[in-house]
Amino acid sequence: MTTPAPQSKAVDAPEVAAYWAERRRYLDRIRKVPEIRQRFWREVAIYLLRRLLWSFGFFPVFIAFWVPLVLASFNPVVLASDLIPLLQNFVDSNPEVQATTISTLVIAWASIGFFFLVFDFVLTPFKSPYAYEADVYMRSWEQLNHDQLPDKV
């Protein structure tokens, strides 16, 4: 026969509930402030632009130059001597082959960009100015209500 596990004592923390209620009230108030709303949308646009430029601009270009350079043992002469015949064959080929080559490069560029974009969104989440403002406000609120709060809020 198994003995029942001891019941964990429910923590009654109205101070913690007050903290989160005050934070929610403050967030509701500052969402109505036009300057903070404008700053929020500006930061969303900057965040998305950074992620897109980083994922589609830097990584595909870096990989396109870095991988051939590594394969050429960091010797630019070997790299150039390997690439010149490939470029000459591309120029001499018919338009259908050129179009296929270009579309393959675009698909490779987009797939690398989307791959890094997904991981970039996961690794660098958006930091909302509303959350920052609420954190600053709640730090001051904690100091004003320090005697009423438990030790680990």
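Anything mentioned here points back to the structure above.
Anyway, here's the lowdown on the structure attached to this text. (Residues numbered from 1 in each chain as written. Predicted model: local features only at pLDDT ≥ 70, side-chain atom pairs only at ≥ 80, totals over all residues. Heavy atoms only, no water.)

Attention shifts here to the nonpolar core. Judged by nonpolar contacts, Tyr 26, Leu 27, Ile 30, Ile 36, Phe 40, Val 44, Tyr 130 and Ala 134 together constitute the single largest core of eight residues. Secondary-structure elements contributing two or more residues to this core are helix H1 (14-30), helix H2 (34-71) and helix H5 (129-144). Ignoring anything within four residues of it in the chain, the contact list for Ala 134 reads Arg 23, Tyr 26 and Leu 27. (Core = buried A, V, L, I, M, F, W, Y, C linked by side-chain atoms within 4.5 Å. Buried < 20%, exposed > 50% of the residue type's maximum accessible area, 1.4 Å probe, protein only. Helix = DSSP H or I, 4+ residues; strand = E, 2+ residues; numbered from the N terminus. Contact = heavy atoms within 4.5 Å.)

A separate point is the pattern of salt bridges. Counted by the stated rule, this structure contains four salt bridges. Put simply, Arg 39 and Glu 133 hold a salt bridge, and the shortest N to O gap is 2.9 Å. Of this pair, Arg 39 sits in helix H2 while Glu 133 is found in helix H5, placing the two residues 94 residues apart along the sequence. What makes Arg 39 partly exposed here is its relative accessible area of 24%. (Salt bridge = Lys/Arg side-chain N within 4 Å of Asp/Glu carboxyl O.)

Locating Leu 117 in the fold gives a position in helix H4 (residues 95-123). The class of Leu 117 is buried, set by a relative accessible area of 9%. Sequence spacing of Leu 117 and Leu 52 is 65 residues, and the spatial spacing of their C-alpha atoms is 6.8 Å.

To continue, consider H2. In an α-helix, one turn spans 3.6 residues, which is why side chains three or four residues apart end up on the same side. Between its first and last C-alpha, H2 extends 54 Å over 38 residues, near the 56 Å set by a 1.5 Å rise per residue. Along its length, H2 reaches its greatest deviation from straightness, about 30°, at Trp 54. Buried within H2 we find Ile 36, Phe 40, Val 44, Tyr 47, Arg 51, Ser 55, Phe 56, Phe 59 and Pro 60. Packing partners of the buried residues in H2 comprise H1, H4 and H5. Phi turns positive one or two residues past the end of H2, at Ser 73, with a value near 55°. (Expected span 1.5 Å × (residues − 1). Bend = angle between axes of the 7 residues up to and from the residue.)

A few words on the packing of H2 against H5. Between H2 and H5, whose axes approach to 9 Å, the crossing angle comes to 130°. Regarding the angle of H2 to H5, the classification is oblique. Every residue of H5 that contacts H2 at Ile 36, Arg 37, Arg 39, Phe 40 and Glu 43 is listed here: Pro 129, Tyr 130 and Glu 133. Taken together, the residues of the contact of H2 with H5 sort by class into four nonpolar, no polar and four charged. (Axes fitted to C-alpha atoms, helices over the stretch in contact; angles between N-to-C directions. Parallel < 35°, antiparallel > 145°, perpendicular 65-115°, else oblique. Nonpolar A, V, L, I, M, F, W, Y, C, P; charged D, E, K, R; others polar.)

So, on to unusual backbone geometry. Positive phi outside glycine occurs at Ser 73, with the angle close to 55°. Position of Ser 73 relative to the elements: it lies in the loop between H2 and helix H3 (76-92). For Ser 73, a relative accessible area of 58% translates into the label exposed. In the Ramachandran plot, Phe 74 falls in the positive-phi region, its phi being about 60° despite a non-glycine side chain. According to the relative accessible area criterion, Phe 74 is partly exposed, its value standing at 48%.

By themselves these figures say nothing about function.
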